[in-house]
Every structure is written in C-alpha cells, then in structure tokens.
Amino acid sequence: MIKHKALSALIAVAMLGGGVSAAHAQDGSWYLAPRIGVVFPDSNRGTDSSLYTGLGIGWWVSPNFAVDAEWALNDADFEDNGFRAGREWESVSLGVTGRWFFGDQGSAWRPYILGGLGTVRHAAYSGTVQESGWDPMATVGGGVQYNFNERVALRAELAARYDHDNNSLRGQVDDYGIQAENHNHFVDGIASVGLTIGFGGSAPAEPEPAVTPPPPPPPEAAPEEPAPTPVVIDLRGVNFKFDRPRSNEKDITPSLQEPTADSIAILDQAVDVLTRNPNVRVELDGHTDSIGTDAYNQGLSERRAQIVYDYLTSHGVSASQITGVKGFGESRPIDTNDTKEGRARNRRTELAVEGQQ
C-alpha cells in the first residue's frame, strides 16, 4: 500500500516554487535529487505495489545532458498475505542514470529520456532472512522537468526497471517450493516525482555589453604664437612746402624747411624703425593739394615719393624693403583744400606698411 503522507509531502515541497518565474534550474553545476513514487511490480514477482523513495546526486555534463548517481529503496508485502508488521520483501538499488533533455536550457518545461545501469540488493523475510544478494539492473524511461527558478526544478518520470533477480526467494521458487523457471528476471514499472536542488557553480553570467571607451581628449592645441606687434611708421608731419620739390631739386632738406621743422626728425625715426625691422615692407605714396593741374600734381606727387625714397635709402634703409614708389596727385586728400592749413596737410608722403615676412 502506498504511504500517501510521504508522497503528498514531497509534492507540496515541490509546489512551493510555483510562483517563481521559470529560469534555469540546471544552472547549478551539481545538484541533489530527492524523489518519491510508486513501484508497480512485475506480475511474476508476487508482491504488492509499494512506496518508492530515492536520492540522487547529479551533475550537468552539458546544458542538455545530466548524470545522476542514485540510491533507491522500496519495501513491499507479498500478495494475499494481508498486513504484517515488519518487512516482507526489500529492494535496495544503486545505479547511475543519464538523462538527455530537449529544448533550450532556459525553457520552463523540458522533456527528457533516461537510461541507467546499476545493481539491486534483494531480501525476502518471513520472520528470518531467507535470501539476499546483489543483482544487476537496467532502467529506461522518460519524463519532464519544470524549472521553478535558477536552483529548483520538479521532475516527473516513468521508468521500466529490468531486474535480474537471482536472490529473492519469491523469484526462485513457486508457492509449492518447486524451482520456478524464468522467474529470475523481472520488469517493474516506477512512477515518481522529485526535486532537483542546484548547488555549486552557476551558469556563466551574461557578458556585460562592451563599454565603448570614451574618445581620447583632443590634443591640446598648440598655443598660438602671439601675433607680431605691428610695426607702425607714422610720417604724419612730413609735409612739403607748396610746389616743392621741383623737378631739379634733389636735396630733401630745403624742400621740407617749411612749414614743418620736424619733418627731417620724423623721417629719421622711420629710418630707425625700418633698419631695426628688416622684414617689414613698405610702399612710398606721394600726395599733393588741389592747386594746379591734375597732370602737374601727379608728377609732383611722384617726385615727393621719390625724394623720400632717396633720403631713406641714403640713410641705411635697404631698397628691398621699399616695394614701390607711387604718386597719387590730388586724388586722396586727408583734409580740406579750401584752407591754407588743410592744403598744407594734403602735401605729404606716406609709408604704407605692406607686411612682415
């Protein structure tokens, strides 16, 4: 008779994980597998159906294959003997069972097939032990596993156990004590449910997404070289006396005595700046007031630029620093030509700084 309380207790324990999302019970590298069930004996064995209990230690060889080392026990009464205290027929088995699982490792439900080899110790009792010993066995079957969470799963399976029983008294003689033929091999049916409780390592964690390293900081910009201090050559105040220089005048001094006494000093300052900055290039531009014809004033402005050129180069300024000598006549006044003072300011020569190399 089946011991219903023990069977109900195991099923209740298994159901405790039912509310947890299904994951990978097989993540544990190894596990314990207690189970409980019913043995339906071969009709030739002469015993009643009996409670089956077992314990396994399993190892996940791969995500689809596990191997269990198993111990199991079932005690049965002989048929038609009624209830008697104590054991009548005992079977203790030791074996190794492999289970092949279908489906992905992360599936909640995973069907499987199984096959195993081992040995069974039989013992028959009738007040005293009459016969006992170890015999070979083999099991085949299948089942389904439900994964409650990462560690716990429920297995339900059906298996056929071939038992080559050469030691059980009931397997060797009939009811009259006569040796029975072909009663040393039996095929029992076993229905069981059990848990697997994972221990040990767990499945490799999902690799964390690769973190793209931040781009290297941009190279520090080379400090900008400070812009060169512009060279300023101011010839304001270098003004020419009216109608000077004439075409025959080669000396700048008489031409600049009036109205500005400081004209020569200003030109000498220009000489000093240019000789100390040989990379500076300038253009000499001559200008006039508006008195006179355009043609005359054009020639006069050119003479004014040329006479300043001659003064600068004769006092040490390199001719390569002067890129041009130009006259603009009366076309670029800087003051009014309606007054004496304005016309005096328009009679001038300017240095136009072109660049520094």
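Scope of this entry: the structure provided in the associated data block. (Residues numbered from 1 in each chain as written. Predicted model: local features only at pLDDT ≥ 70, side-chain atom pairs only at ≥ 80, totals over all residues. Heavy atoms only, no water.)

Observations regarding the environment of Asp135
Okay, so step 1: Inspection of the secondary structure puts Asp135 in strand 6 (residues 129-147).
Okay, so step 2: Put simply, Asp135 and Gly118 are 17 residues apart on the chain and 8.6 Å apart in space, counted from C-alpha to C-alpha.
Okay, so step 3: Of note is the side chain of Asp135, whose polar atom sits 2.9 Å from the side chain of His122. (Helix = DSSP H or I, 4+ residues; strand = E, 2+ residues; numbered from the N terminus. Polar contact = N/O pair within 3.5 Å; in protein donor to acceptor, adjacent residues only side chain to side chain.)

Let's talk about helix 3 (residues 263-276)
Okay, so step 1: Compared with the 20 Å implied by 1.5 Å per residue over 14 residues, the 20 Å span of helix 3 between its first and last C-alpha is a close match.
Okay, so step 2: Buried residues of helix 3: Ser263, Ile266, Leu267, Ala270, Val271, Val273 and Leu274, and no others. (Expected span 1.5 Å × (residues − 1). Buried < 20%, exposed > 50% of the residue type's maximum accessible area, 1.4 Å probe, protein only.)

Description of the packing of aromatic side chains
Okay, so step 1: Within this structure, the stated rule accounts for 7 aromatic pairs.
Okay, so step 2: Residues Phe65 and Trp100 carry aromatic rings whose centres are separated by 6.3 Å and whose planes lie at 35 degrees to one another, so their mutual orientation is tilted. With Phe65 in strand 3 (residues 65-76) and Trp100 in strand 4 (residues 89-101), this pair connects stretches of sequence that are 35 residues apart.
Okay, so step 3: For Trp100, a relative accessible area of 40% gives the class partly exposed.
Okay, so step 4: It is Arg155 that lies over the ring of Tyr112; its NZ or CZ is 5.9 Å from the centre. (Phe/Tyr/Trp six-rings, centres within 6.5 Å; stacked < 30°, edge-to-face > 60°. Lys NZ or Arg CZ within 6 Å of the ring centre and 35° of its normal.)

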